[in-house]
Amino acid sequence: MAVSTSPETPIPVGEVSRLIGGWIERLGAVWVEGQITQLSRRPGAGVVFLTLRDPSHDISVSVTCYRQVFDKVADVVGEGARVVVHAKPEWYAPRGQLSLRAAEIKPVGVGELLARLEQLKKSLAAEGLFAADRKKPLPFLPQLIGLVCGRASAAERDVLENARHRWPAVRFAVRNVPVQGVHAVPQVVAAVQELDALSEVDVIIVARGGGSVEDLLPFSDEQLVRAVSAAVTPVVSAIGHEPDSPLLDLVADLRASTPTDAAKKVVPDVGEELARVQQLRERARRAVDGFVQREERGLAAALHRPCIQRPQRMVEDREEQVTAMLERGRRTLGHLLDRADSELTHTLARVVALSPKATLERGYAVLQRPDGTAVRSPQEVGPDDALRARVAEGEFRVRVDGAPGAATAAE
């Protein structure tokens, strides 16, 4: 229950400590899991002091237990070990300090750790953190590589030496952090987030040498897995050796079997790239040479064609054709004119033969009245009618005498 206080009616520190102790006393015993970071076993002392720390958070609590409780697990438990403690919270009023009084300590076995890791793995996989479509491609030639590793470690040396051997101009931003123990997870997470925030960093390598399952536990921590999953920069996991497979390998954009393998996969080999460039140049040269030779052969074949060697031959061939067609046209037109002339001659002969003039030339004459009409019957004229007689050589006047049908020539 809340205590009613005011600036005028404060309560003493001792009373506050006593109340806190009363509240804590009402808490029952609990099972607590953590990692032992400090262990104090004074010779002859009946009480063992240790500090239990949460590996994923910067939180720790003091634990005390009787010597006979700790002696049961003293052979298998030491600093850095994970344990499960059955303890009751206690409040030491004179110092205002919270601690746990352990009644039983149980070490966490490898089998139990692996089972928990498998359960965490399934949970994170169900969220899609290990999905292939989340993987980001690595740059071909990173200009600045972020490296998270232990200080002066073999992993750091392997990555730096192999990378610079492959590409001497490569640059690194190294962040040295603890890679095992209680401080590993928060510092590795902080290093990854710091490098991810640098825009000039192209890829991040998290490297560590081999070790036991307990040593590699920080790289299966949920907090680290989520931090790598949220990173914008591609992350390469190079933890342990080939058989080791922490959860970081599954969430990283690329898994390397060893730190040396990480350097080979992140940095291209300058010798191989120069050889590849030389091969491409040779291929390009051969392609250009082949193209030029092919075009030269085509040009030579075109120059040897008759139409190119004697271009006037086309005109000469067409000239002969034009001359032949012209002669044929002339012959055809001549035949047509001759036929038309012959037909015209025949027609003219027929017309001449049928003309009145030809009849007159045979001795006939045409009698015409003064108005020019021809006399066709004796009944058409009367006595003394003046007529004109038209013959082949001219005409003359005649007069009809008294007898019907007779006429006399006029003077």
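The model shown is predicted, which means the values in this text are computed figures rather than measured ones.

**A closer look at the sheet that holds strand 5 (residues 97–107)**
- A barrel is described by the order of its strands in space; here five strands give the closed sequence 1-2-3-5-4, paired in mixed fashion. Here the strands of the sheet are splayed against their neighbours by 55 degrees on average, with no regard to which way each runs.
- Pairing between strand 3 (residues 59–66) and strand 5: four bridges, direction parallel. Of the residues in strand 5, the one forming a bridge with valine 63 is leucine 100.
- Those strands touched by helix 1 (residues 13–25) are strand 4 (82–92) and strand 5, and its axis lies near 140 degrees from that of strand 4.

**So, the sheet that holds strand 10 (residues 254–255)**
- Pairing in this open sheet of five strands is parallel, and the strands run 7-6-8-9-10 from one edge to the other. Of all strands in the sheet, those with a lone pairing partner are strand 7 (171–176) and strand 10, marking the two edges.
- The strands touched by helix 5 (residues 184–197) are strand 6 (144–149), strand 7 and strand 8 (203–208); relative to strand 6, the strand with the most contacts, the crossing angle is about 175 degrees.
- Sheet strands touched by helix 8 (residues 259–266): strand 6, strand 8, strand 9 (235–239) and strand 10. Its angle to strand 8, the strand with the most contacts, is close to 165 degrees.

**Observations regarding the pairing of strand 6**
- Within strand 6, six of the six residues are buried, leaving the element largely enclosed by the surrounding structure.
- Side chains Leu144, Gly146 and Val148 project from strand 6 onto one buried face, and the interleaved Ile145, Leu147 and Cys149 project onto a second face that is buried too.
- In terms of strand pairing, strand 6 meets strand 7 through six bridges, oriented parallel. Each bridged residue has a counterpart across the sheet, and for leucine 144 the counterpart in strand 7 is arginine 171.
- Of the crossover connections in this fold, the one passing from strand 6 over helix 4 (residues 154–166) to the parallel strand 7 is right-handed.

The rules behind each value
Residues numbered from 1 in each chain as written. Predicted model: local features only at pLDDT ≥ 70, side-chain atom pairs only at ≥ 80, totals over all residues. Heavy atoms only, no water. Pairing = 2+ DSSP bridges. Helix = DSSP H or I, 4+ residues; strand = E, 2+ residues; numbered from the N terminus. Axes fitted to C-alpha atoms, helices over the stretch in contact; angles between N-to-C directions. Contact = heavy atoms within 4.5 Å. Buried < 20%, exposed > 50% of the residue type's maximum accessible area, 1.4 Å probe, protein only. Right-handed = clockwise from strand over helix to strand, strands pointing away.

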